[in-house]
Amino acid sequence: MKSSSGEVLRRWKNPFTLLLLMAFVMPLIFSTWMALINNFSKEIVEFTGKEIGILQSLREVPGFLAFTVVWVLLIVREQRLALFSLLLLSVGVLLTGYFPSVMGLYITTVIMSIGFHYFETVHQSLILQWIPKKETPHFMGKSLAVRAGASILVFGSMWLMLEYFAISYTTIYTLFGGLGILIILVIWFSFPQFSGKVEQHKHLVLRKSYWLFYLLTFLSGARRQIFVVFAGFLLVEKFNYSAASIALLFLANYVFNLFFAAKIGKLIGFIGERNALTIEYIGLIIVFASYAVVDNAAIAGALYIIDHFFFAFAIAIKTYFQKIAREADIASTAGVSFTINHIAAVVLPAILGFIWLYSPATVFFFGAGLALVSLILSQLIPNNPVLGAETRIIKTPANAIN
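This one's a predicted model, so the numbers in the text were calculated from it and none came from an experiment.

Chemist: How should the overall build of the chain be read in this particular structure?
Modeler: On a plain count of helices and strands, the chain comes out with 15 helices and zero strands. For the chain, whose C-alpha radius of gyration is 21 Å, the value lies close to the compact-globule estimate of 21 Å for 402 residues. Out of the 402 residues belonging to the chain, those deemed buried represent 56%. Contacts in the chain between residues far apart in sequence, at least 24 positions, make up 86% of those at least 6 positions apart. About 16600 Å² of surface is accessible on the chain, with carbon and sulfur atoms providing 70% of the total. Both charge centroids of the chain, one from 28 positive and one from 18 negative side chains, sit 10 Å from each other.

Below is the structure:
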């Protein structure tokens, strides 16, 4: 019996389980910060659109600096860095409620954000290294479903705490931040070190053949910021959604992901990256344009849920890169792509925060325009993207592939 139990434990301690466990822990911590930030910043710290824009720009600075991960990897292995980043994320969230001032919220947000962005960079790199190409879309869908399960736990618990027990924001931040620290320490000491098949470059890699991936990543980052920063703020400022109501919306979003994200991952593997991104971008054009003109609180909430539905299709950008990438480039390019993703994210929230003061609709029409440009570019993805055939218009000469 003991030997059988030991065998089960050995099977459990594999790279796939580790990736899914880390995928579970991250939203357990980050979703707490995300669900409360609009209400906490407005009700406790008295933010306006200007301050929330600045906060979100500061939050994205560590994402902009994600390329530095390649130098950190000179002294720390990716697996350890991923876990340490989760630990830093937990500490930042735990501290948030204890510094209810403009500067205090800015500082704790940056601490939290360093952990979040380094983790996302390294976790994406490990997935692309450890998971076979044919299985990656489905695995990424599974990973989204696991994240959704953690988020459901957070938002369901949070809704009960806020609606029925009137627990303070500080207590909730402390509870989930502390829980995150505990779980990460258990994972740290439970799993052995795993290695990828190919030694990764420890320097920055930028290749002309990846240009379409870079552009789609840049536009995705710019567009996502409009959702993350202003869609939720619209619900709070214009339609007076409470923190409990926002938590319920998040809950609905993640219930969908729990049941359908893995299926969407499979669908991407079946229909291909170009078709998947076409569906996403057409949907986002409609959603962003609708945000600009909506006057009904229920419809605004529905748009928020529909918007979140399209997030799962963004898996296609990552699987497109995996298909065209040289294997040794993955870790470095994961950092570079996060930096590219956050170039606009560092600047846009602050600029659009000022525009928001005069015309919230303009912010969302701008988002629809970004989705349109993305739709046009996505049509350049080949039916079967591979190294040497990265786009439909330019092929890399065989002698340039190394």
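Chemist: Just to check I follow, could you spell out the confidence of the model for the chain for this structure?
Modeler: Caution applies to low-pLDDT regions: their predicted coordinates should not be interpreted in detail. Here the chain averages 83 in pLDDT, while 92% of its residues score no lower than 70. In the predicted structure, residues 398-402 sits below a pLDDT of 50 and forms seven contacts with residues beyond four places in sequence or in another chain.

Chemist: Honestly, the nonpolar core in this entry has me stumped. Any pointers?
Modeler: Nonpolar side chains in soluble globular proteins generally cluster together in the buried interior. Formed by 125 residues in total, the largest nonpolar core has its most connected members in Met22, Trp33, Leu86, Leu89, Tyr291 and Phe364. At 16 residues, helix H9 (residues 211-237) tops the list of elements feeding residues into this core. Beyond its immediate sequence surroundings of up to four residues, Met22 is in contact with Ala82, Leu83, Leu86, Phe119, His123 and Leu126.

Chemist: How should I be thinking about the packing of aromatic side chains in this particular structure?
Modeler: What describes a pair of aromatic rings is the distance from one ring centre to the other and the angle between the planes of the rings. This structure, assessed with the given rule, holds 20 aromatic pairs. Pairing Phe16 with Phe139 gives two aromatic rings, centres 6.5 Å apart and planes at 65 degrees, and the pair type is edge-to-face. You can see Phe16 sitting in helix H2 (residues 15-44) and its partner Phe139 sitting in helix H7 (residues 136-164), a full 123 residues away along the chain. What makes Phe139 buried here is its relative accessible area of 8%. Ring centres 6.0 Å apart and planes at 20 degrees place the aromatic pair Phe30 and Trp33 in the stacked group. Pair noted here: Phe30 and Trp33 are both in helix H2, with a separation of three residues, about one helical turn. A relative accessible area of 0% places Trp33 in the buried class. Cluster of aromatic residues (ring-pair linked, three or more members): Phe230, Phe233, Phe288, Tyr291, Trp356 and Phe364.

Chemist: Would you mind showing me how to read helix H12 (residues 297-309) here?
Modeler: Along an α-helix, residues three or four apart share an orientation, since each turn contains 3.6 residues. Its 13 residues give H12 an end-to-end C-alpha distance of 19 Å, which sits within 8% of 18 Å, the value for a rise of 1.5 Å per residue. Looking only at H12, the buried set comprises Ala300, Gly301, Leu303, Tyr304, Asp307 and His308. Axial view of H12: buried residues confined to an arc of 155 degrees, hence all on one face. In the core, the buried residues of H12 are packed alongside H9, helix H10 (243-271) and helix H11 (273-293).

Chemist: Is there a simple way to think about a nonpolar patch on the surface in this case?
Modeler: A surface patch of nonpolar side chains, about 280 Å² in accessible area, is lined by Val61, Phe64, Leu65 and Ile343. Within the secondary structure layout, Val61 lies in helix H3 (residues 49-64).

Chemist: Would you mind showing me how to read the pattern of salt bridges here?
Modeler: Oppositely charged side chains may form a pair once their charged atoms are brought near each other. The full count for this structure, using the stated rule, is four salt bridges. Its salt-bridge partner being Glu120, residue Arg147 comes within 3.0 Å of it at the nearest N-O pair. Pair noted here: Arg147 is in helix H7 and Glu120 is in helix H6 (residues 102-130), with a separation of 27 residues, a long-range link. The two residues Arg147 and Glu120 agree in class, both being buried.

Chemist: Would you explain the environment of Leu162 in this entry?
Modeler: Mapping Leu162 onto the fold places it in helix H7. Sequence spacing of Leu162 and Leu377 is 215 residues, and the spatial spacing of their C-alpha atoms is 44 Å. If near-sequence neighbours (up to four positions away) are discounted, Leu162 is found in contact with Leu36, Ile167, Tyr169, Ile172, Ala243 and Ala244.

Chemist: I'm lost on the side chain of Ser41 in this one. Help?
Modeler: Here Ser41 shows up in helix H2. Classification of Ser41 by relative accessible area gives buried; the value is 0%. Looking at Ser41, its side chain comes within polar contact range of the main-chain oxygen of Ile37, at 2.7 Å.

Chemist: I keep staring at the packing of H2 against H6 and nothing clicks. Help me out?
Modeler: Helices that pack against each other are described as a pair by the angle of their axes relative to one another and the distance between those axes. One way to put it is that H2 packs onto H6 with a least axis distance of 11 Å and a crossing angle of 150 degrees. Between H2 and H6, the crossing angle belongs to the class labelled roughly antiparallel. The handedness of the crossing between H2 and H6 is left-handed. Taken together, the residues of H6 that come into contact with H2 (itself represented by Pro15, Phe16, Leu18, Leu19, Met22, Ala23, Met26, Phe30, Trp33, Ile37, Phe40 and Ser41) are Leu105, Thr109, Met112, Phe116, Phe119, Glu120, His123, Leu126, Ile127 and Trp130.

Chemist: Explanation requested: helix H8 (residues 169-190) in the structure shown.
Modeler: Here H8 contains 22 residues, and its C-alpha end-to-end distance of 32 Å stays within 8% of the 32 Å for a straight helix at 1.5 Å per residue. The set of residues buried in H8 consists of Tyr169, Ile172, Tyr173, Phe176, Gly177, Gly180, Ile184 and Ile187. Down the axis of H8, the buried side of the element spans an arc of 115 degrees, and every buried residue falls inside it. Of the exposed residues in H8, those oriented more than 90 degrees away from the buried face are Leu182 and Phe189. Packing partners of the buried residues in H8 comprise H2, helix H5 (78-96), H7 and H10.

Definitions and limits used
Residues numbered from 1 in each chain as written. Predicted model: local features only at pLDDT ≥ 70, side-chain atom pairs only at ≥ 80, totals over all residues. Heavy atoms only, no water. Helix = DSSP H or I, 4+ residues; strand = E, 2+ residues; numbered from the N terminus. Rg over C-alpha atoms; globule rule 2.2 N^0.38 Å. Buried < 20%, exposed > 50% of the residue type's maximum accessible area, 1.4 Å probe, protein only. Contact = heavy atoms within 4.5 Å. Areas by Shrake-Rupley, 256 points an atom, 1.4 Å probe, with all protein chains shown as cover. Lys, Arg positive; Asp, Glu negative; His and termini not counted. Charge placed at Lys NZ, Arg CZ, Asp CG, Glu CD. pLDDT = per-residue confidence, 0-100. Core = buried A, V, L, I, M, F, W, Y, C linked by side-chain atoms within 4.5 Å. Phe/Tyr/Trp six-rings, centres within 6.5 Å; stacked < 30°, edge-to-face > 60°. Expected span 1.5 Å × (residues − 1). Arc of directions from axis to C-beta. Patch = residues over 30% accessible without salt bridge, like charges linked within 9 Å, V, L, I, M, F, W, Y side chains within 5 Å. Salt bridge = Lys/Arg side-chain N within 4 Å of Asp/Glu carboxyl O. Polar contact = N/O pair within 3.5 Å; in protein donor to acceptor, adjacent residues only side chain to side chain. Axes fitted to C-alpha atoms, helices over the stretch in contact; angles between N-to-C directions. Parallel < 35°, antiparallel > 145°, perpendicular 65-115°, else oblique. Left-handed = near helix turned anticlockwise from the far one by under 90°.

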